[in-house]
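Observations on the model geometry
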Amino acid sequence: KNIVILVSGRGSNMQAIVRAAQAEQWPARIAAVISNRADAEGLNFAAAHGIATAVVANKAYPSREEFDQALQAEIDRYSPDLVVLAGFMRILTPPFVEHYAGRMLNIHPSLLPSFPGLSTHVQALMAGVKVHGATVHFVTADLDHGPIVAQAAVSVLPNDTEQTLSERVLEQEHIIYPRVVRWFVENRLAIDNGIVHIDAQA
Ligand code: GRF
């Protein structure tokens, strides 16, 4: 199976997926890492690991539609079975999302449906929730609302700041995202009426 990963920055989730794919010898290969920003740090890690990289700069396109068309063309050069959004900070147009329906995943740093959008850790601290976390979900046109595949929870501690809370959530992201991508490439995920079923197996 071919996986294309999209990043906008650091790419620590992408790194966790690349490492797990290698260490666990998945029946899949990371065909490319693509960014909308030439300065995304994640591109350096990918290149150093022999993975093809590409940049499709959103700033070079006059509209979201044209950017998404160019991005789609670049992604499809690698014939992906799965597109993984890993800190990809662009809102995607409905035709783009539709094109990858059922084969595009995202990770969001909150326990959805709580706290969609940006600054999720600040949102959680302001709401006073005692449990926070991360969610891996299939991408649909409804931002941060697609079918949920996996979640991990962390306790919110009395002295937590955005920094400390985000660090603990990120640790969990690095565990659940590779696990979900592995389930996908092993054909263990099915979506029925917006609900994801995971085929339990050894
Ligand atoms: C992660 O917290 C992810 O959940 C969010 O953006 C951050 C990306 O981090 N969407 P990284 O680029 O994977 O290190």
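Please read these numbers as outputs of a predicted model, since none were measured by experiment. (Residues numbered from 1 in each chain as written. Predicted model: local features only at pLDDT ≥ 70, side-chain atom pairs only at ≥ 80, totals over all residues.)

Scanning the protein chain from N- to C-terminus turns up six helices and nine strands. A compact globule built from 202 residues should have a C-alpha radius of gyration of about 17 Å, and the protein chain, at 16 Å, falls within 12% of that. Across its three principal axes, the protein chain shows a C-alpha extent of roughly 50 × 45 × 35 Å. Within the protein chain, counting contacts between residues at least 6 apart in sequence, those at least 24 apart form 66% of the total. (Helix = DSSP H or I, 4+ residues; strand = E, 2+ residues; numbered from the N terminus. Rg over C-alpha atoms; globule rule 2.2 N^0.38 Å. Contact = placed C-beta atoms within 7 Å.)

The residues that UniProt annotates with the feature "active site" (unreviewed entry) are H108. On the secondary structure map, H108 appears in strand β5 (residues 104-108). (UniProt positions renumbered as here; feature names shortened; annotations may be inferred.)

With that out of the way, let us pick up the site of the ligand. Taken together, 13 residues form the shell around the ligand, and within it R10, S12, N13, G87 and P109 come nearest. Listed by contribution, the elements that provide at least two residues to the shell around the ligand are α1 (12-23), β5 and α6 (162-185). Partitioned by chemical class, the residues of the shell around the ligand number five nonpolar, six polar and two charged. (Near = placed C-beta within 6 Å. Nonpolar A, V, L, I, M, F, W, Y, C, P; charged D, E, K, R; others polar.)

A separate point is the UniProt feature "domain: Formyl transferase N-terminal" (unreviewed entry) in the protein chain. Residues annotated by UniProt as "domain: Formyl transferase N-terminal" (unreviewed entry) correspond here to residues 1-181. Annotated as 36% helix and 23% strand, the span residues 1-181 places its first and last C-alpha atoms 11 Å apart.

Turning to the sheet that holds β5, a few remarks are in order. Taken in spatial order, the seven strands of this open sheet run β3-β2-β1-β4-β5-β6-β7, and their pairing is mixed. Sheet topology places β3 (52-55) and β7 (148-155) at the edges, where each strand pairs with a single neighbour. Here the average twist between neighbouring strands, direction ignored, is 20°. In this sheet, strand β6 (residues 131-138) lies alongside β5 in antiparallel orientation, the contact comprising four bridges. Across the sheet, the residue bridging to N106 is H137, located in β6. (Pairing = 2+ DSSP bridges. Axes fitted to C-alpha atoms, helices over the stretch in contact; angles between N-to-C directions.)

α6 packs onto α1 with a crossing angle of 50° between their chain directions and a minimal axis gap of 9 Å. Judged by the angle between their axes, α1 and α6 are oblique. As for the relative orientation of α1 and α6, their crossing is right-handed in sense. On α6, the residues touching S12, N13, A16, I17 and A20 of α1 are L170, E173, H174, Y177, P178, V181 and R182. Looking at the contact of α1 with α6, its residues break down into seven nonpolar, three polar and two charged. (Parallel < 35°, antiparallel > 145°, perpendicular 65-115°, else oblique. Left-handed = near helix turned anticlockwise from the far one by under 90°.)

Here we come to helix α5 (residues 120-127). Where α5 is concerned, the buried positions are T120, H121 and A124. Each buried residue of α5 sits inside an arc of 100° when the element is viewed along its axis, so together they form one side. Buried residues belonging to α5 abut β6 and α6. In the stretch just after α5, G128 is the one whose phi turns positive, near 75°. (Buried ≥ 20, exposed ≤ 12 C-beta atoms within 10 Å, placed from the backbone. Arc of directions from axis to C-beta.)

In this section: the pairing of strand β8 (residues 189-192). Where β8 and strand β9 (residues 195-198) come together, four bridges link them in antiparallel fashion. Within the sheet, the bridge partner assigned to D192 lies in β9 and is I195.

This part covers the nonpolar core. With 48 residues, the main nonpolar core has I5, V33, V84, A86 and L105 as its most contacted residues. Top element by residues in this core is α6. It accounts for seven residues. Dropping the residues within four chain positions of it, V84 is found in contact with I3, I5, I17, L105 and V181. (Core = buried A, V, L, I, M, F, W, Y, C linked by C-beta atoms within 7 Å.)

Low-pLDDT portions of the prediction should not be read for the details of their coordinates. Across the protein chain, the average pLDDT comes to 97, with 100% of residues at 70 or higher. Predicted complex metrics record ipTM = 0.96 and pTM = 0.97. (pLDDT = per-residue confidence, 0-100.)

End to end, α6 covers 34 Å across 24 residues, agreeing with the expected 34 Å (1.5 Å per residue, within 8%). Where α6 ends, the next residue or the one after it, N187, has phi of about 60°, a positive value. (Expected span 1.5 Å × (residues − 1).)

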